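Chain by chain, the residues run as shown.
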Amino acid sequence: MSSSPITIKHTKSGAECTIFPYGAHVTSVKSAEGKELLFLSKDAILDGSKAIRGGIPLCFPQFGQPDKSMPQHGFLRNNYWKEVENSRFDNDESAGISMELSLKDVVNSRGGKWDTDTKLDAKCTYTVKILPDGFTTTICMYNLGEESFNFQVLLHNYFLVQGRMALNGDVCNVKGLEGYAVDDKVSGEKYVCDKPVTVPQKLIIDRVYDPPKETIDLNLTISAGKSNNLSLTASGEVDGKPVSVSGVVWNPHEQKAQAMGDFGDDQYHDMICCEPGLLKGVPLLEGGKQATFTQTIKCL
Ligand code: TA6
């Protein structure tokens, strides 16, 4: 079981990424210009004893912890994935790698209907593709059994905010969620988003944004510090049918930052989580069928 990080380099442009087999966890993506796009906590635990704080944690078969017998955000990020043989590539356009995890190899944090006595059978593959000016990550979920199961999937991106400006709404904000239904996990409020999302001056932000009717794909512009603008597009399908994409925005702020042992007390100035996911109205994944969820982040 390999635990050493894998570095993927795009020869032509010099872009590169780092991915840990534990959680198939991307912890760094550097553009061709050498700009780091992702935040990794200085106190992140990288020994496989807990999910890595930062980068892109994978959340499946659920987001959060609606069922207390399941680990928060599911079990993908707490288990070792295998490299798909001969999956590495490096061509003029991009470079990348694929990883895979079968349910039989999920040894940590099983629970609920996924516990070790489950009749369910599933496999996930995860492909990371780096571009000169960004990256794409795609997760495929396969129902290998006969019994259908419900699921959610989310890519929990931690973006690095240049210049420690996460609390400055002029240079750190998320556009494209206007018109989405907000479920504010901090205040309990529910309302429709009508302006760019910024990190409050004195409070955690932890909000789920569900798309209005007819809106399927997610298209965001993330300002992550002065002259550091990114586009994020995400789309998903279950058995070939498109599924609406939700978004989550989180910053722990001082209060939660100090409560997390694997997060620097003041590092809430350095990051914003902007997380695309299939969270609402996701059809059951029937036996023998597959689901795909993909995001592309580009430097603007
Ligand atoms: O980002 C949304 C969220 O669900 C927050 O509520 C917070 O818990 C965050 O995920 C991090 O979760 P973790 O289990 O990685 O500490």
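Each remark here, short or long, concerns the structure printed above.
What counts and how
- Residues numbered from 1 in each chain as written.
- Predicted model: local features only at pLDDT ≥ 70, side-chain atom pairs only at ≥ 80, totals over all residues.
- Heavy atoms only, no water.
- Helix = DSSP H or I, 4+ residues; strand = E, 2+ residues; numbered from the N terminus.
- Buried < 20%, exposed > 50% of the residue type's maximum accessible area, 1.4 Å probe, protein only.
- Near = heavy atom within 4 Å.
- Polar contact = N/O pair within 3.5 Å; in protein donor to acceptor, adjacent residues only side chain to side chain.
- Nonpolar A, V, L, I, M, F, W, Y, C, P; charged D, E, K, R; others polar.
- Salt bridge = Lys/Arg side-chain N within 4 Å of Asp/Glu carboxyl O.
- Pairing = 2+ DSSP bridges.
- Contact = heavy atoms within 4.5 Å.
- Core = buried A, V, L, I, M, F, W, Y, C linked by side-chain atoms within 4.5 Å.
- Axes fitted to C-alpha atoms, helices over the stretch in contact; angles between N-to-C directions.
- Lys, Arg positive; Asp, Glu negative; His and termini not counted.

Undergrad: How do you make sense of unusual backbone geometry when you look at a structure like this?
TA: Of all residues except glycine, most have a negative phi; of all peptide bonds, most are trans. Omega for the bond connecting F60 with P61 falls within 30 degrees of zero, at 5°, which places this linkage in the cis form. Of note in this structure, A24 is not a glycine but carries a positive phi near 45°. Along the chain, the position of A24 falls in the loop between strand 2 (16–20) and strand 3 (25–30). Assessed through its relative accessible area of 0%, A24 is described here as buried. For N86, which is not a glycine, the phi torsion comes out positive at approximately 55°.

Undergrad: I tried to follow the site of the ligand on my own but got confused; where do I start?
TA: By nearness alone, every residue bordering the ligand is listed as R53, F63, Q72, H73, R77, H156, D206, V248, W250 and E275. Between H156 and the ligand, the recorded distance is 2.8 Å, taken from a side-chain N or O atom to an oxygen atom. In the model, an oxygen atom of the ligand is placed 2.7 Å from a nitrogen or oxygen of the E275 side chain. Within the shell around the ligand, the residues separate by chemical class into three nonpolar, three polar and four charged.

Undergrad: Would you explain the pattern of salt bridges in this entry?
TA: One side chain can pair with another of opposite charge once the charged atoms of both are near each other. For the structure on display, the rule yields 18 salt bridges. Its salt-bridge partner being E100, residue K123 comes within 3.8 Å of it at the nearest N-O pair. Of this pair, K123 sits in strand 8 (residues 122–131) while E100 sits in strand 7 (residues 95–102), placing them 23 residues apart in sequence. Judged by its relative accessible area of 24%, K123 falls in the partly exposed class. Residues K119 and E147 are paired through a salt bridge, measuring 3.8 Å at the closest nitrogen-oxygen approach.

Undergrad: Would you mind going over the pairing of strand 8 with me for this structure?
TA: Each regular strand carries side chains that alternate between the two faces of the sheet. For strand 8, a buried count of seven out of 10 residues is recorded, marking the element as mostly surrounded by other parts of the structure. In this structure, strand 7 lies alongside strand 8, joined through eight bridges in antiparallel fashion. From the neighbouring strand, M99 faces strand 8, where its bridge partner is Y126. Two elements, strand 8 and strand 9 (residues 134–143), share 10 bridges in a ladder whose sense is antiparallel. Across the sheet, K123 pairs through a bridge with Y142, a residue of strand 9. In this antiparallel pair of consecutive strands, strand 8 and strand 9, the connection spans two residues.

Undergrad: For this particular structure, what's the right way to read the side chain of N251?
TA: With respect to the helices and strands, the residue N251 is situated in strand 19 (residues 246–251). Among the polar contacts made by the side chain of N251, one reaches the main-chain amide nitrogen of H253 at a distance of 2.8 Å. A distance of 2.9 Å separates a polar side-chain atom of N251 from the backbone oxygen of Y268. Apart from residues no more than four positions distant in its own chain, N251 is found in contact with A166, V199, I204, I205, Y268 and M271.

Undergrad: For this particular structure, what's the right way to read the nonpolar core?
TA: Membership of the largest hydrophobic core comes to 82 residues, with the highest contact counts inside it found for Y126, M141, F151 and L177. Not counting the four nearest positions on each side in its chain, L177 is found in contact with C193, V197, Y209, L218, L220 and V249. The next biggest cluster of nonpolar side chains, apart from the first, holds six residues, and it includes C59, F63, V208 and L279.

Undergrad: Would you explain the pairing of strand 19 in this entry?
TA: The buried fraction of strand 19 amounts to six of the six residues, a majority that puts the element mostly inside the structure. Of the pairings in the sheet, the one linking strand 15 (residues 205–210) to strand 19 comprises five bridges and is antiparallel in character. Bridge pairing links R207 to V249 in strand 19. Where strand 19 meets strand 20 (residues 271–278), five bridges bridge the pair, whose relative direction is antiparallel. Each residue of the ladder has a partner; that of G247, found in strand 20, is P276.

Undergrad: How should I be thinking about the sheet that holds strand 1 (residues 6–9) in this particular structure?
TA: Sheet strands pair by backbone hydrogen bonding; their relative direction is either parallel or antiparallel. The three strands lie next to each other as 1-2-3, forming an open sheet whose pairing is antiparallel. Edge strands, defined here as strands with exactly one partner in the open sheet, are strand 1 and strand 3. Sheet twist, expressed as the mean angle between neighbouring strand axes with direction ignored, is 20°.

Undergrad: Any chance you could explain the side chain of E36 here in plain terms?
TA: Within the element layout of this structure, E36 appears in the loop between strand 3 and strand 4 (58–59). The charged side chain of E36 is buried without a salt bridge, its nearest counter-charge being K30 at 4.2 Å. In terms of polar contacts, E36 uses its side chain to reach the side chain of S28, at 2.4 Å. Discounting chain neighbours no more than four positions away, the residues touching E36 are S28, V29, K30, L160 and Q162.

Undergrad: So what exactly am I meant to see when it comes to the environment of W250 here?
TA: Along the polypeptide, W250 turns up in strand 19. Accessibility expressed as a relative area gives 8% for W250, which makes it buried. When neighbours within four sequence positions are excluded, W250 is seen to be in contact with R53, H156, Y158, I204, I205, D206, K256, M260, M271, I272, C273 and E275.

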